[in-house]
Amino acid sequence: MIKLSLQALSCKDALDSGEMDLEDVFHMAARLRMDGVDLEDRLLIQADDAYLENLRLLALRLGLRIGYIGVIVDFNAPATEIEREITRIHSCVDMAARMGVRVLRVPGNGVPPGETDESFWPLVVDKMRRAVEYGRKRGVVIGLHNHNHGAIPATGVQVVRMLDEIDSPYLSHILDTGQYRGSRGANGADRETGETDESLYEHIQATAPRAVIARAKFYRVASGEEKWLDYRRIVSILRAAGFNGWISVVYEGHSAMPSGEAIPLAVQHLRNVLGEDRRQASGRRS
Amino acid sequence: MIKLSLQSLSYRDTFKAGNIDLMGIIDQAYELQMDGVDLHYTHFASTDPEYLEELRLATLRRGLHMCYIGVSNNFGKKGAELEQQAQLVRDWVDVAATMGIQMVRVFGAWVPEDETEEDVWPRLLETTRQVTAYARSRRVVLGLHNHNHGCMPATGEQVVRLMDAVDDPYYSHILDTGQYRGSPGASFGERGKEDPEHNFYGSIETSAPRAVHVRAKIYRIASGEEAWLDYNRIMPILKKVGFNGWMSVVFEGQDELDEPAAAPLATAYLRRMLAQHDM
């Protein structure tokens with residue numbers, strides 16, 4: 001069955017204010033009867049080994065799996081920063097290996113001014129290839145994360161192309177439902193007034209068969225249903241692709257609603273959709 | 001939500017006949033849309049790193065968690081034999097650590113005929129402490145499995161007593177629904193009959209708050225419903241303690257039904273039970 005996990009950054013507002021710490025996020029996921037938690041390197045900067053080990057034990061006690069650790073990438077950084085980023089990716093791979101976390105989330109890279117997707121492509125492939133090679137040595141799979149905001153890969157075609165060019169079992173795909181070109185949530189300044197383009201769902205359809213984890217973005221969920229993304233459609237696409245893994249709930253609507261109120265709504269919405277889709281699938285089979 | 005995993009021992013006869021391997025178990029778990037697999041140590045084709053890595057990658061692609069490796073140790077042995085048993089656990093702790101599997105299932109001790117449970121207790125405790133220290137050094141948790149058939153701990157009180165005596169975060173509990181003393185599947189008397197002298201549902205209730213994993217035994221599932229264990233009693237016990245982890249399907253009714261036919265029935269039944277109890 002498709003399982004739900006909570007990306008800790010969803011609680012960014014409460015973590016930043018000191019209202020919550022990472023252990024509280026784990027407990028929140030358990031209270032919501034979720035199946036996992038996902039972490040980000042920026043949340044673990046001050047974490048020592050003992051703290052990380054305590055998180056692992058807590059996850060076991062609460063029936064949660066730590067699905068992936070994410071690496072933040074500055075999409076506005078110049079190309080000269082790539083070497084430094086690769087070093088940081090290596091240290092995150094080491095951390096994931098120590099924690100027994102199987103996947104490290106890595107977006108590609110920003111395309112600097114004056115470059116095009118095509119002209120910058122080889123450099124991004126080389127960066128990812130080096131990350132994958134290091135991951136292979138430590139038994140950690142790099143999860144290529146589709147990401148817009150001036151970065152590549154940002155389309156379904158680009159994700160598939162990069163996966164095929166690198167062609168390693170240690171490179172897989174983390175599909176972000178809100179980060180393909182055409183997504184309202186990934187349109188920068190236009191996001192409040194823009195609309196979701198139909199092409200978003202084509203990108204999702206193109207890469208769903210390659211995904212081992214899906215990140216379900218939530219932007220506006222006050223009504224109890226996500227307004228900017230059609231999860232009925234997305235869940236159907238994932239199921240049709242045979243997806244059986246974790247959907248990571250990633251809340252990014254903090255300007256509209258605090259995470260403490262929004263996350264339970266997001267979880268319930270996904271659960272409703274997953275249940276509806278399951279019932280429809282049973283009906284189709286019978 | 002409670003998640004379902006497939007224990008490879010559910011196909012023990014199929015393994016013996018050479019008709020399935022661990023990759024087949026992983027495929028089967030995916031076919032049944034389950035959420036994890038438990039790997040019994042005798043089912044590994046080898047401990048070659050490339051093979052272990054193949055298994056890891058296969059589970060990731062299929063959305064399955066590797067819950068634990070099951071080791072069948074006996075800390076009721078003595079002397080050199082006892083040390084061999086401890087080494088067996090340490091060896092599989094190493095495999096688990098290599099694979100990033102967080103837990104290894106361990107038993108307690110089978111009580112020799114010329115000894116009492118209390119006679120065996122000190123060496124069970126001491127050996128358990130030693131292997132737990134090793135597991136801690138490899139960041140692997142040992143999951144104590146309750147087991148009857150001459151083994152201890154076979155009651156909820158014994159599980160709690162042993163866990164409290166070891167008192168280590170790397171020593172936890174895998175609760176087996178059919179292996180407490182008095183269970184129809186684990187009684188000394190006629191198999192299939194609950195022994196009323198032992199309140200085995202009470203044992204489940206006693207150790208449930210300690211469990212990080214549950215093994216759901218299935219003995220008679222041909223009708224589509226488990227006939228020997230009452231999951232309408234077991235599920236509320238687990239719900240009451242807020243259990244949110246993985247529940248293994250462990251089929252042990254090979255004398256009634258073929259394994260390939262039983263696993264889908266058992267999975268569908270447990271899924272239905274979990275849904276009925278909103279778990």
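Structure first, text after, so check above.
What counts and what doesn't
- Residues numbered from 1 in each chain as written.
- Chains lettered and ligands numbered in written order.
- Predicted model: local features only at pLDDT ≥ 70, side-chain atom pairs only at ≥ 80, totals over all residues.
- Pairing = 2+ DSSP bridges.
- Helix = DSSP H or I, 4+ residues; strand = E, 2+ residues; numbered from the N terminus.
- Axes fitted to C-alpha atoms, helices over the stretch in contact; angles between N-to-C directions.
- Contact = placed C-beta atoms within 7 Å.
- Nonpolar A, V, L, I, M, F, W, Y, C, P; charged D, E, K, R; others polar.
- Buried ≥ 20, exposed ≤ 12 C-beta atoms within 10 Å, placed from the backbone.

### Concerning the sheet that holds strand β2 (residues 36-40) of chain A
Pairing between sheet strands relies on hydrogen bonds along the backbone, with the strands arranged either parallel or antiparallel.
Residue and element names in this part refer to chain A.
Right, on to step 1. Spatially, the 8 strands close up into a barrel ordered β1-β2-β3-β4-β6-β8-β9-β10, and their pairing is parallel. For this sheet, the mean angle separating the axes of adjacent strands, direction not counted, is 30°.
Right, on to step 2. Relative to strand β6 (residues 141-145), strand β4 (residues 103-107) runs parallel, the two sharing 5 bridges. Directly across from Leu 104, in β6, lies its bridge partner Ile 142.
Right, on to step 3. Sheet strands in contact with helix α5 (residues 117-138) are β4, β6 and β8 (171-176), and its direction is about 150° off that of β6.

### Digging into the interface of chain B and chain A
Where interface size is quoted, it is often the accessible area lost as the parts come together.
Right, on to step 1. Listed per partner, the contact involves 22 residues of chain B and 22 residues of chain A.
Right, on to step 2. Tallying contributions element by element places helix α3 (residues 49-61) of chain B first for the side of chain B that touches chain A, with 5 residues.
Right, on to step 3. Per-class residue counts for the side of chain B that touches chain A are 8 nonpolar, 7 polar and 7 charged.

### A short note on the sheet that holds strand β9 (residues 211-218) of chain B
Residues and elements named next belong to chain B.
Right, on to step 1. Taken in spatial order, the 8 strands close into a barrel running β1-β2-β3-β4-β6-β8-β9-β10, and their pairing is parallel. Each adjacent strand pair in this sheet contributes to an overall mean axis angle of 30°, direction not counted.
Right, on to step 2. Here strand β8 (residues 171-176) runs beside β9; their pairing, made up of 4 bridges, is parallel. In the strand pairing of β9, Leu 175 is matched with Val 214.

### A word on the pairing of β6(A)
Residue and element names in this part refer to chain A.
Right, on to step 1. With respect to burial, β6 is a largely interior element, 5 of its 5 residues being buried.
Right, on to step 2. Side chains Val 141, Gly 143 and His 145 of β6 all project onto a buried face; the interleaved residues Ile 142 and Leu 144 project onto the opposite face, where all are buried too.
Right, on to step 3. Across 4 bridges, β6 lies against β8 in parallel orientation. Across the sheet, His 145 pairs through a bridge with Ile 174, a residue of β8.

### Brief notes about the environment of B:Asp255
Right, on to step 1. Among the secondary structure elements, B:Asp255 is positioned in the loop between β10 (246-251) and α9 (259-276).
Right, on to step 2. Residues B:Asp255 and B:Tyr219 lie 36 residues apart in sequence; the distance between their C-alpha atoms is 9.1 Å.

### Re unusual backbone geometry
Residues other than glycine predominantly adopt negative phi, and peptide bonds predominantly adopt the trans conformation.
Right, on to step 1. Put simply, A:Ile152 and A:Pro153 share a cis peptide bond, and its omega is 0°.
Right, on to step 2. Note on placement: A:Pro153 falls in the loop between β7 (151-152) and α6 (156-166).
Right, on to step 3. Going from B:Met152 to B:Pro153, the amide bond is cis rather than trans, its omega being 5°.
Right, on to step 4. With respect to the helices, strands and loops of the structure, B:Pro153 is situated in the loop between β7 (151-152) and α6 (156-166).
Right, on to step 5. Here the phi dihedral of A:Arg33 falls at roughly 55°; this positive angle occurs in a residue that is not glycine.
Right, on to step 6. Among the secondary structure elements, A:Arg33 is positioned in the loop between α2 (22-31) and β2.

### Some points on the environment of A:Val132
All names here are of chain A.
Right, on to step 1. Within the secondary structure, Val 132 sits in helix α5.
Right, on to step 2. Owing to 24 C-beta atoms within 10 Å, Val 132 belongs among the buried residues under this scheme.
Right, on to step 3. The sequence separation of Val 132 and Tyr 231 amounts to 99 residues, and the corresponding C-alpha distance is 31 Å.
Right, on to step 4. Ignoring anything within four residues of it in the chain, the contact list for Val 132 reads Ile 142, Ile 166, Ser 168, Tyr 170 and Leu 171.

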